[in-house]
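Fold and contact review
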Amino acid sequence: MRILIVDDEPLARESLTRVLGERSDIDVVDVAADAIEALSRLRDNAYDILMVDIRMPEMSGMQLVDTLRAQGNGMPAVIFVTAFNEHAV
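First, a word on what this report is: a plain description of the structure on this page.

Conventions we followed
Residues numbered from 1 in each chain as written. Predicted model: local features only at pLDDT ≥ 70, side-chain atom pairs only at ≥ 80, totals over all residues. Heavy atoms only, no water. Salt bridge = Lys/Arg side-chain N within 4 Å of Asp/Glu carboxyl O. Buried < 20%, exposed > 50% of the residue type's maximum accessible area, 1.4 Å probe, protein only. Helix = DSSP H or I, 4+ residues; strand = E, 2+ residues; numbered from the N terminus. 1 Å grid on protein atoms, 1.4 Å probe; cavity = no way out; pocket = protein on both sides within 12 Å on 5 of 7 lines; lining within 4 Å. Points joined across faces, edges and corners; volume = space filled by probe spheres on them. Nonpolar A, V, L, I, M, F, W, Y, C, P; charged D, E, K, R; others polar. Axes fitted to C-alpha atoms, helices over the stretch in contact; angles between N-to-C directions. Parallel < 35°, antiparallel > 145°, perpendicular 65-115°, else oblique. Left-handed = near helix turned anticlockwise from the far one by under 90°. Contact = heavy atoms within 4.5 Å. Pairing = 2+ DSSP bridges. Arc of directions from axis to C-beta. Polar contact = N/O pair within 3.5 Å; in protein donor to acceptor, adjacent residues only side chain to side chain.

**A look at the pattern of salt bridges**
Summed over the entire model, instances satisfying the criterion amount to two salt bridges. The residue Arg23 makes a salt bridge to Asp25 at a minimum N-O spacing of 2.7 Å. Residue Asp25 is classed as partly exposed on the basis of its relative accessible area of 32%. Between Glu37 and Arg41 there is a salt bridge, and its shortest N-O distance comes to 3.6 Å. Placement of the pair is Glu37 and Arg41 together in helix H2 (residues 35–44), with a separation of four residues, close to one helical turn. Among the residues examined, Glu37 registers a relative accessible area of 29% and is labelled partly exposed.

Next comes the structure, spelled out in structure tokens:
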């Protein structure tokens, strides 16, 4: 699997990268510090899963997903990550 982590918090990116790096079924774990960087990475690479922070500056995780859907190029699976209780299920 190829995974892109999109989160503006460095510690969150590092934690997720560390945990996912221990799995044998994951080939690539890339990171983006915000949605703009994620869009750039997604233009150049294919991912199976996006792990996207909901709240980020400039463009939220929800806006990122909406932008990807509007492009109509197919969507990887999306897992929203957040530190905010109001967004947790």
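**Examining the layout of surface pockets**
Over the atoms, a rolled probe matching the size of one water molecule traces out where space is still vacant. For the largest pocket, the calculated volume is near 200 Å³. Taken together, Leu39, Leu42, Arg43, Asn45, Ala46, Tyr47, Leu68, Gln71, Asn73, Gly74, Met75 and Pro76 form the lining of the largest pocket. Among the secondary structure elements, those contributing two or more residues to the lining of the largest pocket are H2 and helix H3 (61–71). Residues that form the lining of the largest pocket fall into these classes: seven nonpolar, four polar and one charged.

**Some remarks on the packing of H2 against H3**
Two packed helices can be described by the angle between their axes and the distance between those axes. Two elements in contact, H2 and H3, have axes separated by 10 Å at closest approach and are oriented at 30°. Classified by the angle their axes make, H2 and H3 are roughly parallel. Crossing of H2 against H3: the hand is right-handed. Residues Ala35, Ala38, Leu39 and Leu42 of H2 touch H3, and the partners they reach there are Leu64, Thr67, Leu68 and Gln71.

**What to know about the sheet that holds strand S4 (residues 77–81)**
Strand order in this open sheet of four strands is S2-S1-S3-S4, and the pairing throughout is parallel. The sheet is open, and its two borders are formed by strand S2 (28–32) and S4, each paired with just one other strand. Looking at each pair of strands side by side, their axes are set apart by 20° on average, direction ignored. Relative to strand S3 (residues 49–53), strand S1 (residues 2–6) runs parallel, the two sharing four bridges. Paired with Val6 across the two strands is Val52, which belongs to S3. Set on the sheet, H2 makes contact with S1, S2 and S3; between it and S2 the angle comes to about 140°.

**So, H3**
Turning to H3, its buried residues number three or more, namely Gly61, Leu64, Val65 and Leu68. Each buried residue of H3 lies within a common arc of 95° when the element is viewed along its axis, so the set occupies one face. Those residues of H3 that are buried lie in contact with S1, H2, S3 and S4. N-capping of H3 is provided by Ser60, with a side-chain oxygen placed 3.3 Å from the backbone N of Met62. Gly72 sits one or two positions beyond H3 and adopts a positive phi of about 70°.

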